[in-house]
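Residue strings, one per chain:
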Amino acid sequence: MADNIHTLSNGAPVDDNQNSITAGLHGPTLLQDFHLIDKLAHFDRERIPERVVHAKGAGAYGYFEVTHDITKYTKAKLFNQIGKRTPLIARFSTVAGEKGSADTERDPRGFAIKFYTEEGNWDMVGNNTPVFFIRDAIKFPDFIHSQKRHPQTNLRSPDMIWDFFGLSPEAAHQFLILFSDRGIPDGFRHMNGYSSHTFKFVNAEGKVYWTKLHFKTESGIKNLPPEEADKIKGYDLDYATRDLFEHIASGKEAAWRLFVQIMPFEEAFTYRFNPFDVTKVWPQGDYPLIPVGRMVLNKNPTNYFAEIEQVAFSPAHLVPGIEPSPDKMLQGRLFSYTDTHRHRLGTSNYQQIPVNCPYRSRVQNYQRDGFFARENGGSEVNYEPNSYNGPQAHPPSSLSRFEVSGPVARHPHNHPNDDFEQPRALYRKVMNEEERARLVKNIVGHMSGCTREDIKIRAVRVFFRVDPELGSRIAQGLKLDVNKITTSRQ
C-alpha cells in the first residue's frame, strides 16, 4: 500500500473521508459506517484530564554535560565523568492556571527535567523559586484550592488567596518572591530553576551529604513589569511557549548551568535553619554554590501531546546516589505525582509511553498487564522468587541507612528559627528601594480585590512581622487603620 493512503485505525484504507454512508441520498446514516463511528468515538475521547497544577506548559529536548567532578558527593552515574552527556527532556509551566491560561500570569513557574540515564530515569521536579508556600504536604490541597476558582462563582478569589496566606505565615517568604519583580519571568528562558527541596547525595563509599540544586540561566534573568505582562495577555496567551519553541526552531539553544549546595550529613541537625523546611533557603555564605555542569535544550518536540502533555515527572523517580530527604512536602510529593500520572494518563503503565520510557536502562520486573501494556514481560514468568533465572534484586542499590526515633504523632513544626527572618533579609538586604516600592505596589494592587477587611488585616499582620515598615506601607496603600493591625497583632 502506498505511503500516503489515509487509513482507518485498524490500518485498512479509507475510501472516502468526506461523506458518511447513508441509505440513499437523503436516507439515515448507517451504523455500519465504521469510519464515521470510529472517527467520532476517538474525537469524543481526545482530551485527557489536565494537570491539577502545572497544567499550562512547554518543553524541549536536550542534554546535560558534566563540567566539574562531584563524584566525592554522589555515585550517580550521570555525574561520573567530566564531558559525559546525558539526554533529557525539560518542561516549564505556570502553576495555578488552567491549560488555556496566560503564560504571563504572576505565578511560580514549574521547572522539571527528566534525565534519561543508564541507571534509569531521574526526574528533577522543581520550580523557578528556591522556596515554596508551605512545608507539609497535608496542606497542599488546601493551598491549591485557595489559588484556584471559587466553588460558587467559578472566579479567582483574592479573598481565598489572602485568607489562606494570613492564616499560614510560613508562606511569607514565597509571597515576597511572588509579588517581587521575579513574580513574572519574561518567558521560560530567562529564569532560574531550583530543586527547592533538600535531597541526599550518596557517594560510592556510602557517605551521605544533603544537597540543593540550582540551575542558573545563561540567557540572563529578565522579568516583565505587570503592565507589560497584562498587555501581552491581550494579544498572546502563549508568549513563553512561543518564545521557547521559536528560539529553538531558529537553530539556537537555551542553556542553564547546574550548581549544587552541599551540607555534611551531621550539620543538618544543628544548623540554624531547618534544612528540610522548603520555605527556607540555605544562605550561600554558609553553603556556597559548587559548579556541576550544563543543561542545553536544542530540539523541539515533534508532537506536543505525545511528548509534552504526556511527559510524566515525579520526584520519586530517582537513581542510585540520589535519595529523598525527610522534607515533609517532598515526602508527600513522592506519592502524589506518580499517583496523578496513573489517573491522568489512564494507566499504571505510564512509563511505557515513549517519552517516559527509561530507554537507556533495561526495565525488568514482574509487573504485568493493565491498560496500554506494551512489552508486558514477554514469555517470562510474572512472579518472584522463581526457578527461571528471572531478574534479581541488586543489594548495592539499596538506600543509605539512617536512624530515626521519637513518638508517632502529628508533630507541629518546632524549630528555633521563625518564618520571618529570611523574608526580612530579602526585603531589607537584597531588594533596593525601587524594588521594595514595586513589591508594595504589587501586593496592594492584588489585595485591593479582597472584599473582607478582616482578611486584609490578618494578611497585613503577617507582613508587619516580616518588617514593620513593609506592613505599614501596605496598610497605607490599602487605606487600613494601622491601629487595628498592630493592637491585636498575632
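Residues numbered from 1 in each chain as written. Predicted model: local features only at pLDDT ≥ 70, side-chain atom pairs only at ≥ 80, totals over all residues. Heavy atoms only, no water.

1. Some thoughts on the overall build of the protein
Counting its regular elements, the protein contains 13 helices and ten strands. With the C-alpha coordinates aligned to their principal axes, the bounding extent of the protein is approximately 80 × 65 × 50 Å. Counting all 490 residues of the protein, 47% fall into the buried class. For the protein, the exposed area adds up to about 25100 Å²; of that, 52% sits on carbon and sulfur atoms. For the protein, the distance from the average site of its 61 positive side-chain charges to the average site of its 59 negative ones is 4 Å. (Helix = DSSP H or I, 4+ residues; strand = E, 2+ residues; numbered from the N terminus. Buried < 20%, exposed > 50% of the residue type's maximum accessible area, 1.4 Å probe, protein only. Areas by Shrake-Rupley, 256 points an atom, 1.4 Å probe, with all protein chains shown as cover. Lys, Arg positive; Asp, Glu negative; His and termini not counted. Charge placed at Lys NZ, Arg CZ, Asp CG, Glu CD.)

2. Digging into the pattern of salt bridges
A complete count under the given rule lists 36 salt bridges for this structure. Linking Arg135 and Asp419 is a salt bridge whose minimum nitrogen-to-oxygen distance equals 2.3 Å. Of this pair, Arg135 sits in the loop between strand 4 (120-127) and helix 2 (140-147) while Asp419 sits in the loop between helix 8 (328-344) and helix 9 (421-430), placing them 284 residues apart in sequence. Under the relative-accessibility criterion, Arg135 is labelled buried at 12%. Each of Arg135, Lys139, Glu170, Asp277, Lys280 and Asp419 takes part in one network of salt bridges that share partners. (Salt bridge = Lys/Arg side-chain N within 4 Å of Asp/Glu carboxyl O.)

3. Comments concerning the packing of helix 3 (residues 158-166) against helix 10 (residues 433-447)
Contact geometry of helix 3 with helix 10 gives a least axis separation of 9 Å together with a crossing angle of 120°. When the axis of helix 3 is compared with that of helix 10, the two are oblique. For the pair helix 3 and helix 10, the contacting residues are Pro158, Ile161 and Trp162 in the first and Ile443, His446 and Met447 in the second. (Axes fitted to C-alpha atoms, helices over the stretch in contact; angles between N-to-C directions. Parallel < 35°, antiparallel > 145°, perpendicular 65-115°, else oblique. Contact = heavy atoms within 4.5 Å.)

4. Overview of the packing of aromatic side chains
Evaluation of the coordinates by the stated rule reveals 33 aromatic pairs. Measuring from centroid to centroid gives 5.3 Å for Tyr271 and Tyr287, while their planes differ by 75°, and the two rings are edge-to-face. On the criterion of sequence distance, the pair formed by Tyr271 in the loop between strand 8 (254-264) and strand 9 (290-299) and Tyr287 in the loop between strand 8 and strand 9 is long-range, its members being 16 residues apart. Of the two residues examined, Tyr271 and Tyr287, each falls in the buried class. A network of ring pairs unites the aromatic residues Phe132, Phe133, Phe140, Phe143, Trp162, Phe164, Phe165, Phe175, Phe179 and Phe463 as a single cluster. Between the NZ or CZ atom of Arg436 and the centre of the ring of Tyr427, over which it lies, the distance is 5.7 Å. (Phe/Tyr/Trp six-rings, centres within 6.5 Å; stacked < 30°, edge-to-face > 60°. Lys NZ or Arg CZ within 6 Å of the ring centre and 35° of its normal.)

5. Some thoughts on the nonpolar core
Core analysis: the biggest nonpolar cluster contains 45 residues, and Trp162, Phe165, Met447, Val460, Phe463, Leu470 and Ile474 have the highest contact counts within it. For this core, the elements supplying multiple residues, two or more each, are helix 2, helix 3, helix 4 (172-178), helix 9, helix 10, helix 11 (453-466) and helix 12 (468-478). If sequence neighbours within four positions are ignored, Leu470 has contacts with Leu176, Tyr427, Leu439, Val440 and Phe463. Membership of the second largest hydrophobic core comes to 36 residues, among which are Ala90, Phe215, Ile248 and Val292. (Core = buried A, V, L, I, M, F, W, Y, C linked by side-chain atoms within 4.5 Å.)

6. What about unusual backbone geometry?
Glu384 connects to Pro385 through a cis peptide bond whose omega is 10°. Within the fold, Pro385 resides in the loop between helix 8 and helix 9. You will see that Asn154, though not glycine, has its phi angle at about 60°, which is positive. Following the sequence through the fold, Asn154 ends up in the loop between helix 2 and helix 3. Despite not being glycine, Asp369 has its phi angle at roughly 65°, a positive value. On the secondary structure map, Asp369 appears in the loop between helix 8 and helix 9.

7. What about the pairing of strand 2 (residues 85-94)?
Along strand 2, eight of the ten residues are buried, which leaves the element largely enclosed by surrounding structure. Where strand 1 (residues 57-66) and strand 2 come together, nine bridges link them in antiparallel fashion. When the bridges of strand 2 are listed, Ala60 appears paired with Ala90. In this sheet, strand 3 (residues 109-117) lies alongside strand 2 in antiparallel orientation, the contact comprising seven bridges. What sits directly across from Ile89, in strand 3, is Lys114. (Pairing = 2+ DSSP bridges.)

8. With respect to the environment of Tyr366
Looking at the element boundaries, Tyr366 is found in the loop between helix 8 and helix 9. Beyond its immediate sequence surroundings of up to four residues, Tyr366 is in contact with Val381, Asn382, Tyr383, Glu384, Asn386, Gly390 and Pro391. One polar contact links Tyr366 to Asn386, side chain to side chain, over a distance of 3.1 Å. A distance of 2.9 Å separates a polar side-chain atom of Tyr366 from the backbone oxygen of Pro391. (Polar contact = N/O pair within 3.5 Å; in protein donor to acceptor, adjacent residues only side chain to side chain.)

9. Let's talk about the side chain of Asn274
Position of Asn274 among the secondary structure elements: in the loop between strand 8 and strand 9. For Asn274, a relative accessible area of 18% gives the class buried. In this structure, Asn274 is in contact with Lys280, His413, His415 and Asn417, ignoring residues within four places of it in sequence.

10. Observations concerning the layout of surface pockets
Where empty space is left becomes clear once a probe the size of a water molecule has been rolled over the atoms. The volume enclosed by the largest pocket comes to roughly 1800 Å³. Together, 48 residues line the largest pocket, and Pro358, Arg362, Val363, Gln364 and Asn365 are the ones closest to its centre. With three residues, the top contributor of residues to the lining of the largest pocket is strand 10 (residues 322-324). For the lining of the largest pocket, the residue count by class is 16 nonpolar, 22 polar and ten charged. Volume-wise, the second largest pocket comes out at about 1300 Å³. The wall of the second largest pocket is formed by 31 residues, among which Asn274, Phe276, Pro326, Lys328 and His411 lie closest to the centre. The residue inventory of the lining of the second largest pocket, partitioned by class, reads 14 nonpolar, eight polar and nine charged. (1 Å grid on protein atoms, 1.4 Å probe; cavity = no way out; pocket = protein on both sides within 12 Å on 5 of 7 lines; lining within 4 Å. Points joined across faces, edges and corners; volume = space filled by probe spheres on them. Nonpolar A, V, L, I, M, F, W, Y, C, P; charged D, E, K, R; others polar.)

11. Focus: helix 6 (residues 239-249)
At 3.6 residues per turn, the α-helix brings residues three or four places apart onto the same side. Inspection of helix 6 places Ala240, Thr241, Leu244, His247 and Ile248 among the buried residues, and these make up the whole buried set. Take helix 6 and look down its axis: the buried residues cluster within an arc of 145°, on one side only. For helix 6, the elements touching its buried residues are strand 1, strand 2, strand 8 and strand 9. Positive backbone phi, at 95°, marks Gly251, one or two positions downstream of helix 6. (Arc of directions from axis to C-beta.)

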